[in-house]
Amino acid sequence: MKMARMFAAVMGLGVGLSVAATPVLAASLNSKDRARVSRAAPRDRDDVRYCLLQGKKGRDKGTLIGAAGGAGVGAIAGGNLGETLLAGAAGAVAGRVIGKSEGTNSTCDRVLARNP
């Protein structure tokens, strides 16, 4: 049984590394974000669209990396299936929050603050 857990941990980390290495699929804006772009000043519309897409990509990438990392840590720590899934879910939530803020830079923060 111990060998199976070690194998699961190694596979979980391998999936996490492969997810981190692949680019996230192109995201599209939802209706709320499209309305925000249309309300923006004409000179800022392209920047607002770009910044919203970057934030969405960062959020999605953070979710995947956090889920894989949490599941890998849960498996390495020797948890059963339920504990490993719980660790993966907690990692996904944390990764989503961290990725959302890390997906944009200070220029995007200023552009989005100017155009609520």
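As the structure is a computational prediction, the values presented were derived from the model and not from experiment.

(A) Inspection of the pattern of salt bridges at higher detail. As enumerated under the stated definition, the model contains three salt bridges in all. A salt bridge links arginine 114 to aspartate 44, with the nearest nitrogen and oxygen atoms 3.2 Å apart. Here arginine 114 is found in helix H5 (residues 106–114), whereas its partner aspartate 44 is found in the loop between helix H2 (31–39) and helix H3 (45–76), with 70 residues between them in sequence. On the basis of relative accessibility, which here comes to 46%, the residue arginine 114 falls in the partly exposed class. By relative accessible area, which is 3% here, aspartate 44 ends up buried. Residue aspartate 60 pairs with arginine 59 through a salt bridge whose shortest N-O separation is 3.5 Å. The class of aspartate 60 is partly exposed, set by a relative accessible area of 25%. Where salt bridges share partners, they join Arg43, Asp44 and Arg114 into one cluster.

(B) How the structure looks around the side chain of threonine 84. Here threonine 84 is to be found in helix H4 (residues 81–102). What makes threonine 84 buried here is its relative accessible area of 15%. For threonine 84, the side chain forms a polar contact with the main-chain oxygen of asparagine 80, separated by 2.9 Å. Ignoring any residue separated from it by four or fewer positions in sequence, one finds threonine 84 in contact with Ala71, Gly74, Ala75 and Gly79.

(C) Inspection of the nonpolar core at higher detail. Counting residues in each nonpolar core, the largest one holds ten residues, listed as Leu29, Val37, Ala40, Val48, Cys51, Leu52, Leu53, Cys108, Val111 and Leu112. Excluding residues within four positions of it along the chain, leucine 29 makes contact with Arg34, Val37, Arg49, Leu52, Leu53 and Lys56.

(D) Up close: the packing of H3 against H4. For the pair H3 and H4, the least separation of the axes is 6 Å and the interaxial angle reads 150 degrees. Considering the angle they form, H3 stands roughly antiparallel to H4. Remark: the crossing between H3 and H4 carries right-handed chirality. The segment H3 lies against H4, with Gly55, Gly58, Arg59, Asp60, Gly62, Thr63, Gly66, Ala67, Gly70, Ala71, Gly74 and Ala75 engaging Thr84, Ala87, Gly88, Gly91, Ala92, Gly95, Arg96, Gly99 and Lys100. Tallied by class, the residues present in the contact of H3 with H4 amount to five nonpolar, twelve polar and four charged.

(E) How the structure looks around the confidence of the model for the protein. When the pLDDT values of the protein are averaged, the result is 79; 77% of them are 70 or greater. By mean pLDDT, the top-scoring element of the protein is H2 (91), and the lowest-scoring one is helix H1 (residues 2–21) (51). Between residues 17–25, whose pLDDT stays under 50, and residues either more than four places distant or in other chains, the model counts seven contacts.

Parameters at a glance
In this numbering scheme, every chain counts its residues from 1 along its sequence in written order. Side-chain atom pairs in this predicted model are given and counted only at pLDDT of 80 or more, local residue features only at pLDDT of at least 70, and totals for whole chains, interfaces and linings cover all residues. Excluding hydrogens and water, the side-chain values take into account all heavy atoms of the structure. The term salt bridge refers to a pairing of a side-chain nitrogen on Lys or Arg with a carboxyl oxygen on Asp or Glu at a separation within 4 Å. Secondary structure elements follow DSSP: runs of H or I of four or more residues count as helices, runs of E of two or more count as strands, with numbering from the N terminus. Exposed residues in this analysis have more than 50% of their type's maximum accessible area, buried residues have under 20%, and partly exposed residues fall in between, with area computed by a 1.4 Å probe over protein chains only. A 3.5 Å cut-off defines polar contacts: any pair of N or O atoms within that distance qualifies, except that in protein one atom must be a possible hydrogen donor and the other a possible acceptor, and neighbouring residues in sequence count only when both atoms are side-chain atoms. In what follows, residue pairs with any heavy atoms lying within 4.5 Å of each other are defined as contacts. To qualify as a nonpolar core, a set must consist of buried Ala, Val, Leu, Ile, Met, Phe, Trp, Tyr and Cys residues joined through side-chain atoms within 4.5 Å. The convention used is that axes are lines fitted to C-alpha atoms, helices contributing only their stretch in contact, and that angles between N-to-C directions extend from 0 to 180 degrees. Convention used here: angles under 35 degrees read as roughly parallel, angles over 145 as roughly antiparallel, angles from 65 to 115 as roughly perpendicular, and any remaining angle as oblique. In a left-handed crossing the near helix is turned counterclockwise from the far helix by less than a right angle, and in a right-handed crossing that turn is clockwise. Nonpolar residues are Ala, Val, Leu, Ile, Met, Phe, Trp, Tyr, Cys and Pro. Charged residues are Asp, Glu, Lys and Arg, and all others, Gly as well, are polar. pLDDT runs from 0 to 100 and stands for how confident the predictor is about each residue.

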